[in-house]
Amino acid sequence: MKLKTLHKSKPIIGIIGGNTHNTNTQALTVAEKTGEKLAQLGTAIACGGEDGIMESVCKGAKKYGGTTIAITKSNKKGFANKFIDYEIPTSLDLAFMNVLAWSSDAIIAFDGRFGTMCEIGLILDIGRPLVLIGKHELINSEKINTDKFIHFKEYTDENIQKAIDFIIRNIS
């Protein structure tokens, strides 16, 4: 099954989460599997283009011919990971997350730190469908009350599928 959005274009799924130094091995493995599954559905993946979660999900997507987009903080190209097809430098430093959030039809957030937390707040504020996978110890997800949000605290194959099912329901 190939997904399409309400505006008939190929969906862009935003991926956020920690760099290699502030995430964990389990998150990296699940991110790669998530990239594989999203590519098989025909979605494009947008992320910050750096290492860690972003590189893992793009690596998974490329195994199945997926399209990967880096929306970077930088003012020039050449900073994205090796699994990126299109690098879009914004010259916006941390404000790049606005471009990522508004460009994505839905977002999956893996464990990270303060940058990921800021992105989550922005995404919730603009009302994009958002799935958290992992502990997200800096976020009290029980206090988030919106039908466009769900949190799966464990890194499992079953939760990857549940996350993707949630996205399909909320962008189709």
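The structure displayed is predicted, hence computed values, not measured ones.

Student: Before we move on, could you go through the packing of aromatic side chains and cite the residues and values that matter?
Tutor: Following the criterion strictly, the structure yields 1 aromatic pair and no others. Here Phe 110 and Tyr 155 contribute two aromatic rings whose centre-to-centre distance is 6.3 Å and whose plane-to-plane angle is 5°, an arrangement assigned as stacked. You can see Phe 110 sitting in strand β5 (residues 106-110) and its partner Tyr 155 sitting in the loop between β7 (149-152) and α5 (157-171), a full 45 residues away along the chain. Its relative accessible area of 9% is what places Tyr 155 among the buried residues.

Student: Explain the sheet that holds strand β3 (residues 67-72) to me, using residue names and the numbers behind them.
Tutor: Pairing in this open sheet of 7 strands is parallel, and the strands run β4-β3-β2-β1-β5-β6-β7 from one edge to the other. With one partner strand each, in any of the chains shown, β4 (86-89) and β7 form the two edges of the open sheet. Adjacent strand axes in the sheet meet at a mean angle of 20°, parallel and antiparallel pairs treated alike. Together, β1 (12-16), β2 (44-47), β3 and β5 form the strand contacts of helix α3 (residues 96-103), whose direction differs from that of β3 by roughly 145°.

Student: Just give me the short version of the environment of Thr 34, but keep the residues and values in it.
Tutor: Mapped onto the elements of the fold, Thr 34 is located in helix α1 (residues 25-40). Residues in contact with Thr 34, not counting those within four places in the same chain, are Val 57, Ile 108, Phe 110 and Ile 160. A distance of 2.8 Å separates a polar side-chain atom of Thr 34 from the backbone oxygen of Val 30.

Student: With reference to specific residues and values, describe the nonpolar core.
Tutor: Across soluble globular proteins, you tend to see nonpolar side chains buried next to one another. Counting residues in hydrophobic clusters, the biggest one holds 32 residues, and the most contacted among them are Ile 13, Ile 15, Ile 108, Phe 110 and Val 131. If you list the elements that add at least two residues to this core, you get β1, α1, β2, α2 (53-63), β5, β6 (130-133) and α5. Tallying contributions element by element places α5 first for this core, with 7 residues. The residues touching Val 131, leaving out its near neighbours within four places in the chain, are Ile 107, Ile 108, Ala 109, Ile 150, Phe 152, Ala 163, Phe 166 and Ile 167. By size, the runner-up hydrophobic cluster in this structure holds 19 residues, among which are Ala 44, Phe 96, Met 97 and Phe 149.

Student: Give me the lowdown on the packing of α1 against α2, citing residues and values where you can.
Tutor: Taken N-terminus to C-terminus, the directions of α1 and α2 make an angle of 40°; their axes are 6 Å apart at the nearest point. When the axes of α1 and α2 are compared, the crossing they make is right-handed. Of the residues in α2, those touching α1 at Ala 27, Leu 28, Ala 31, Glu 32, Thr 34, Gly 35, Glu 36 and Ala 39 are Ile 53, Ser 56, Val 57, Lys 59, Gly 60, Ala 61 and Lys 63. When its residues are assigned to classes, the contact of α1 with α2 shows 7 nonpolar, 4 polar and 4 charged.

Student: Provide a residue-level description of the pairing of β3, including the pertinent values.
Tutor: For a regular strand, side-chain orientation follows a simple rule: the groups alternate between the two sheet faces. Taken across its 6 residues, β3 has 5 buried, putting it largely inside the fold. For the crossover from β2 across α2 to β3, the handedness is right-handed. Note that β3 and β4 share 4 bridges and pair parallel. Across the sheet, residue Ala 70 finds its bridge partner in β4, namely Glu 87.

Student: Account for the environment of Ser 91, naming residues and giving values.
Tutor: In this structure, Ser 91 sits in the loop between β4 and α3. Considered as a pair, Ser 91 and Ile 71 are 20 residues apart in the sequence and their alpha carbons are 9.9 Å apart. Apart from the residues lying within four places of it in its own chain, the contact partners of Ser 91 are Thr 72, Lys 73, Ser 74 and Asn 75.

Calculation notes
- Residues numbered from 1 in each chain as written.
- Predicted model: local features only at pLDDT ≥ 70, side-chain atom pairs only at ≥ 80, totals over all residues.
- Heavy atoms only, no water.
- Phe/Tyr/Trp six-rings, centres within 6.5 Å; stacked < 30°, edge-to-face > 60°.
- Helix = DSSP H or I, 4+ residues; strand = E, 2+ residues; numbered from the N terminus.
- Buried < 20%, exposed > 50% of the residue type's maximum accessible area, 1.4 Å probe, protein only.
- Pairing = 2+ DSSP bridges.
- Axes fitted to C-alpha atoms, helices over the stretch in contact; angles between N-to-C directions.
- Contact = heavy atoms within 4.5 Å.
- Polar contact = N/O pair within 3.5 Å; in protein donor to acceptor, adjacent residues only side chain to side chain.
- Core = buried A, V, L, I, M, F, W, Y, C linked by side-chain atoms within 4.5 Å.
- Left-handed = near helix turned anticlockwise from the far one by under 90°.
- Nonpolar A, V, L, I, M, F, W, Y, C, P; charged D, E, K, R; others polar.
- Right-handed = clockwise from strand over helix to strand, strands pointing away.

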